Amino acid sequence: MSDPTPAHSIETMLLEERTYPPPADFAAQANARGDIYDVPFEEFWEREGRERLTWFEAFNELYEWEPPYAKWYLGGKLNVCFNCVDRHVEAGAGEQVAFHWEGEPDGETRTITYADLQRDVVRFANALKKLGVRKGTPVAIYMGMVPELPVAMLACTRLGAPHTVVFGGFSADSLSGRMNDMKCEVLITQDEAWRRGSTVPLKKVADEAMADAPAAKSCVVLRRTGNDVPMQEGRDHWWHELEADCSDDAESCPCEPMDSEDLLFLMYTSGTTAKPKGIIHTTAGYLTGVAATHNYIFDLKPDSDVYWCAADIGWITGHSYIVYGPLCNRTTSVLYEGTPDFPDKDRWWSIVEKYKVTILYTAPTAIRSHMKWGPEFAQQHDLSSLRLLGSVGEPINPEAWIWYRENIGADRTPIVDTWWQTETGMILITPLPGITTLKPGSATRPFPGVDAGIYDEQGNEVGPGGGGYLVLKKPWPAMLRGIFGDDERYRETYWSRYEDVYLAGDGARIDRDGDFWLLGRIDDVMNVSGHRISTIEVESALVDHHDVAEAAVCSRADAVTGEAIVAYVTLKGGADGSVEKLEELRNHVAEKIGPIAKPANIVFTPELPKTRSGKIMRRLLRDVANNRQLGDTTTLADPTVVSEIAKRATEEKSEDA
Ligand code: WTA
């Protein structure tokens, strides 16, 4: 593992002295007020579990902790779809808007109330039943940001069928890998998705994936763009045809009573090997965790707020803070299909103005893109409805934080910088907007009922001013319940460094006020535009190309994407690289993993720097990629390799310029 507290981050911390106490009017109306931090751990989660959810049968034990496995709300029975949809309709809120959906092609919108959502979910759940989907049937979902995506997820939860949603930018290999790991029997997809005015061929990719995923017997296809796609007789079904004769009456498809610990979904994420990890989330703890955090951190007022989380549902942020947390809290949300710059760079701000969005939650990489485009696009629109901003996915640099606050938040709105992971399920370190004094670049404090700390190598908690490894010392309701089918990897990845303490894989520092500053990953996981990509995964994709002998991948700093991927490649037979070869390799990675994993730079080199035991020295490659002074090279088998690579990298940069 590398040093968790790189020197440049310490610098940022010392320079950042600006503070923003909560505005008095915000504090006076906030959901989280007063002594919330003083409520004891058990009392806090007991109350949240009882009051935030509706139970078919009450739980009788708060939690059970047999490290490294936790169970929460034992003995309880409930249904996620019931909590997110049916109970709101039963309580008379059927006419409230659940989603203001905005399609990418301009002018296309749909308004979906909670009553609409219930009808759509029931009808589709009945359709899935025709394909044999029952409690426990694993279902894969591969779609764009259309209303039918949350409908499909909710239909699964209504039936008690666990799902895995695969981001629409992933390749056929990535999709079939996940489907095979979970043994999915049904795949739900769409003909094509819209992206920046052109179409993404989801069904075509789904067909390739199905060919490699023998357990998947049926495929449901939503018609979105309307273009022709091949349909395989007997296997493929149009969504609208399959559900045409299905009832949308809630009583025709009651919500399946589930145990608190029944599997809700798997979300795959990159680790330090080529194989993604299937992170397990279960029912009651997950729902309590995401609903409680969504309520307090976003200060959600179901009767007046218009909330917009601009992430993709294909990632954990979309699961927890577009679908499950917000719907459980009876939120009115915006759901947007497209990209921020289509048809123009003011698209987001026109959406904020149109729907009078009050809460906006996005990622630093998006904020930095808007920063690069300039504030004039935001200035064309009335953003005065905004009262709270959020950030997630990577450390937010103070410049971006200030830009966000001044240009989007009128120098008035609090910003909640929320730290969490696919594994944590819910936000764990974050300000509470009516209580916390904000510091640009700091995620501030652990959420109430969360016990986080920073440890040194020896496992001692560091004091104020110290830095080290971010850990969680107690279980929390939405925590992962393991890695699907891989107990050993679960123990090894998160629980082997310190006894019975969760290692998050992030470096962090704590300042003299007790505020946390996240410093990025400490393992071989890169964070590109807020997406986790493993160096090894990209290396495997490169080596998979017939001309590549060896590859080493690391990241460099990038002004927009946070980190950018740099690959060092040795071609077979000592062949020289070329511009054509470079493009070919980049496309090969896109095909194997997905376009998000394309290296920004490829440096061709006759040899890679290795230790005498044959390990590639990524630390040195990172130094070269970032133009830093080279670190210690004494353990290298052949020290001249690095200077040769540095020379080639520099030549490449001057050619770029
Ligand atoms: C990083 C996304 C700093 C971190 C919800 C973590 C952050 C990884 C923040 C998880 C933040 C996320 N400040 N770093 N506010 N939020 N990260 O699984 O390195 O896609 O380990 O979950 O993103 O990424 P994941």
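Remember, it's a predicted structure, so these values are computed and weren't measured experimentally.

## Topic: the overall build of the protein
Helix and strand counts for the protein come out as 20 helices and 29 strands. For the protein, whose C-alpha radius of gyration is 24 Å, the value lies close to the compact-globule estimate of 26 Å for 657 residues. Principal axes of the C-alpha set define a box for the protein whose edges measure 75 × 60 × 55 Å. Per-residue burial over the protein gives 60% buried out of 657 residues. If you take every contact in the protein between residues at least 6 apart in sequence, the share linking residues at least 24 apart comes to 71%. Here the protein has roughly 24,700 Å² of accessible surface; of this, 49% comes from carbon and sulfur atoms.

## Focus: the environment of cysteine 554
In this structure, cysteine 554 sits in strand S27 (residues 548-558). A relative accessible area of 1% means that cysteine 554 is categorised as buried. Taking C-alpha positions, cysteine 554 is 9.4 Å from valine 538, a pair spaced 16 residues apart along the chain. Residues in contact with cysteine 554, not counting those within four places in the same chain, are Met526, Thr535, Ala564, Ile565, Val566, Tyr568, Leu621, Arg622 and Ala625.

## Re the site of the ligand
Surveying the vicinity of the ligand reveals 17 residues, the closest of which are Asp417, Thr418, Thr422, Asp506 and Arg532. A distance of 3.1 Å separates a nitrogen atom of the ligand from a polar atom in the backbone of glycine 393. Between the ligand and glutamine 421 there is a distance of 3.0 Å, counted from an oxygen atom to a side-chain nitrogen or oxygen. Expressed as a share of its isolated accessible area of 520 Å², the protein-covered part of the ligand is 96%. Only helix H11 (316-328), strand S20 (415-418) and strand S24 (516-521) provide two or more residues apiece to the shell around the ligand. Among the residues forming the shell around the ligand, the class breakdown is six nonpolar, six polar and five charged.

## Thoughts on the pairing of strand S28 (residues 562-571)
Taken across its 10 residues, S28 has nine buried, putting it largely inside the fold. Strand direction decides the pairing type here: S27 and S28, joined by 10 bridges, are antiparallel. Paired with glutamate 550 across the bridge in S28 is threonine 570. If you look at the hairpin formed by S27 and S28, you'll find three residues sitting between the two strands. Bridge count between S28 and strand S29 (residues 601-604): four bridges; the pairing is parallel. Bridge pairing in S29 places valine 566 opposite asparagine 601. For the crossover that starts at S28, traverses helix H18 (residues 579-592) and ends in the parallel S29, the hand is right-handed.

## So, the side chain of threonine 422
Looking at the secondary structure, you find threonine 422 in the loop between S20 and strand S21 (452-455). Once residues within four sequence positions are removed from consideration, threonine 422 is found in contact with Met267, Thr269, Ile279, His281, Ile316 and Arg532.

## Details of the domain arrangement of the protein
Per the domain assignment, the segments of the protein are domain 1 (115-256) and domain 2 (529-656). Just the C-alpha atoms count here: the centres of domain 1 and domain 2 sit 38 Å apart. In this complex, domain 1 contributes five residues to the contact, which on the side of domain 2 involves seven residues. Summing both sides of the interface, domain 1 and domain 2 together bury roughly 440 Å²; the carbon and sulfur share of this comes to 49%. It is Phe170, Ser171 and Asp173 that lose the most area in domain 1 upon contact with domain 2, and together they represent 60% of the buried surface on that side. Our enumeration of links across domain 1 and domain 2 arrives at one salt bridge. Across the pair lysine 592 and aspartate 173 runs a salt bridge whose closest N-O atoms are separated by 2.8 Å. Applying the counting rule to domain 1 against domain 2 returns five residue pairs in polar contact (both at pLDDT 80 or more).

Each value, and the rule that gives it
- Residues numbered from 1 in each chain as written.
- Predicted model: local features only at pLDDT ≥ 70, side-chain atom pairs only at ≥ 80, totals over all residues.
- Heavy atoms only, no water.
- Helix = DSSP H or I, 4+ residues; strand = E, 2+ residues; numbered from the N terminus.
- Rg over C-alpha atoms; globule rule 2.2 N^0.38 Å.
- Buried < 20%, exposed > 50% of the residue type's maximum accessible area, 1.4 Å probe, protein only.
- Contact = heavy atoms within 4.5 Å.
- Areas by Shrake-Rupley, 256 points an atom, 1.4 Å probe, with all protein chains shown as cover.
- Near = heavy atom within 4 Å.
- Polar contact = N/O pair within 3.5 Å; in protein donor to acceptor, adjacent residues only side chain to side chain.
- Nonpolar A, V, L, I, M, F, W, Y, C, P; charged D, E, K, R; others polar.
- Pairing = 2+ DSSP bridges.
- Right-handed = clockwise from strand over helix to strand, strands pointing away.
- Domains from an automatic or database assignment.
- Buried area = accessible area lost by both parts, 1.4 Å probe.
- Salt bridge = Lys/Arg side-chain N within 4 Å of Asp/Glu carboxyl O.

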